[in-house]
Amino acid sequence: MKKFKIKKGDTVLVGTGKERGKTGKVVTILTKSDRAIVEGLNIYKKHAKPSKKYPQGGIMDVNSPIKIDNLTVICPGCKKASRIKMKNTGREKRRVCVKCGEVSDATL
Ligand SMILES: [Zn+2]
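Just so it is clear, the model here is predicted, and its values are computed rather than measured.

**Q** Could you give an account of the overall build of the chain, naming the residues involved and the relevant values?
**A** When its secondary structure is counted, the chain shows 0 helices and 10 strands. Helices and strands appear in the chain in the N-to-C order β-β-β-β-β-β-β-β-β-β. For the chain, the C-alpha radius of gyration of 17 Å lies well beyond 13 Å, the compact-globule estimate for 108 residues. In terms of overall dimensions, the chain has C-alpha extents of about 55 × 30 × 20 Å along its principal axes.

Written as structure tokens, this is what we have:
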């Protein structure tokens, strides 16, 4: 399984595209496509034809995934968008903020 420096539950900053500069919480990581769904971001309107599920058809909000390459983790320690480096504590790898040294509890 692939490992990303971004995990579900992280707050991330979007670096490119129409949501550039916005932040949100990661709700899903899509490992296969290297993308993440960020809460409230990259919503587009989808025009749906009437179907069994949506007999009226109409416009739906679809939460479109964003490439993980374009996301930066907001460090919970210094509240800044920061690069994350991996630190090997001996038993496990932990994520560490390069700016303030805050160690994320989450292991990868
Ligand atoms: Zn930090």
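**Q** Give me the lowdown on the pairing of strand 8 (residues 84-88), citing residues and values where you can.
**A** Two elements, strand 8 and strand 9 (residues 93-97), share 5 bridges in a ladder whose sense is antiparallel. Along strand 9, the bridge assignment pairs Asn88 with Lys93. Linking strand 8 back to strand 9 in an antiparallel pair, the connection comprises 4 residues, with Gly90 at a positive phi of about 110 degrees.

**Q** Before we move on, could you go through the nonpolar core and cite the residues and values that matter?
**A** If you look at the biggest cluster of nonpolar residues, it comprises 14 residues, and the most contacted ones within it are Val12, Val14, Val26, Ala36, Val38, Ile66 and Leu71. If you list the elements that add at least two residues to this core, you get strand 1 (11-14), strand 2 (23-30), strand 3 (35-38), strand 7 (71-73) and strand 9. The contacts of Val14, once residues within four sequence positions are left out, are Glu19, Arg20, Gly21, Lys22, Leu41, Ile66, Asn70 and Leu71.

**Q** Could you give an account of the domain arrangement of the chain, with specific residues and numbers?
**A** With domains assigned, the chain is organised as domain 1 (1-74) and domain 2 (79-108). Computed over C-alpha atoms only, the centres of domain 1 and domain 2 are separated by 24 Å. Contact residues are listed per partner, giving 7 residues for domain 1 and 8 residues for domain 2.

**Q** Lay out the pairing of strand 3 in plain terms, naming residues and giving numbers.
**A** The alternating pattern of strand 3 places Ala36 and Val38 on a buried face and Arg35 and Ile37 on a face that is not buried. Strand direction decides the pairing type here: strand 2 and strand 3, joined by 4 bridges, are antiparallel. From the neighbouring strand, Leu30 faces strand 3, where its bridge partner is Arg35. The turn linking strand 2 back onto strand 3 is made up of 4 residues, and Asp34 within it adopts a positive phi angle of 55 degrees. As judged from the 2 bridges shared by strand 3 and strand 6 (residues 66-67), these two strands associate in the antiparallel manner. In the sheet register, Arg35 faces strand 6, and the bridge partner there is Lys67.

**Q** Just give me the short version of the sheet that holds strand 7, but keep the residues and values in it.
**A** Taken together, 5 strands build an open sheet; the order of strands is 6-3-2-1-7 and the sheet is antiparallel. Where the open sheet ends on each side, the last strands, each with one partner, are strand 6 and strand 7.

**Q** Report on the environment of Lys7, specifying residues and quantitative values.
**A** Tracing the chain through its elements places Lys7 in the segment before strand 1. Once the C-alpha coordinates of Lys7 and Val73 are considered, the two residues, 66 residues apart in sequence, prove to be 9.0 Å apart.

**Q** Pulling in residues and values, what's your account of unusual backbone geometry?
**A** Phi is positive for Asp34, close to 55 degrees, though the residue is something other than glycine. Tracing the chain through its elements places Asp34 in the loop between strand 2 and strand 3. For Asn42, which is not glycine, the phi torsion reads 60 degrees and is therefore positive. Looking at the secondary structure, you find Asn42 in the loop between strand 3 and strand 4 (43-48).

Definitions and cut-offs
- Residues numbered from 1 in each chain as written.
- Predicted model: local features only at pLDDT ≥ 70, side-chain atom pairs only at ≥ 80, totals over all residues.
- Helix = DSSP H or I, 4+ residues; strand = E, 2+ residues; numbered from the N terminus.
- Rg over C-alpha atoms; globule rule 2.2 N^0.38 Å.
- Pairing = 2+ DSSP bridges.
- Core = buried A, V, L, I, M, F, W, Y, C linked by C-beta atoms within 7 Å.
- Buried ≥ 20, exposed ≤ 12 C-beta atoms within 10 Å, placed from the backbone.
- Contact = placed C-beta atoms within 7 Å.
- Domains from an automatic or database assignment.

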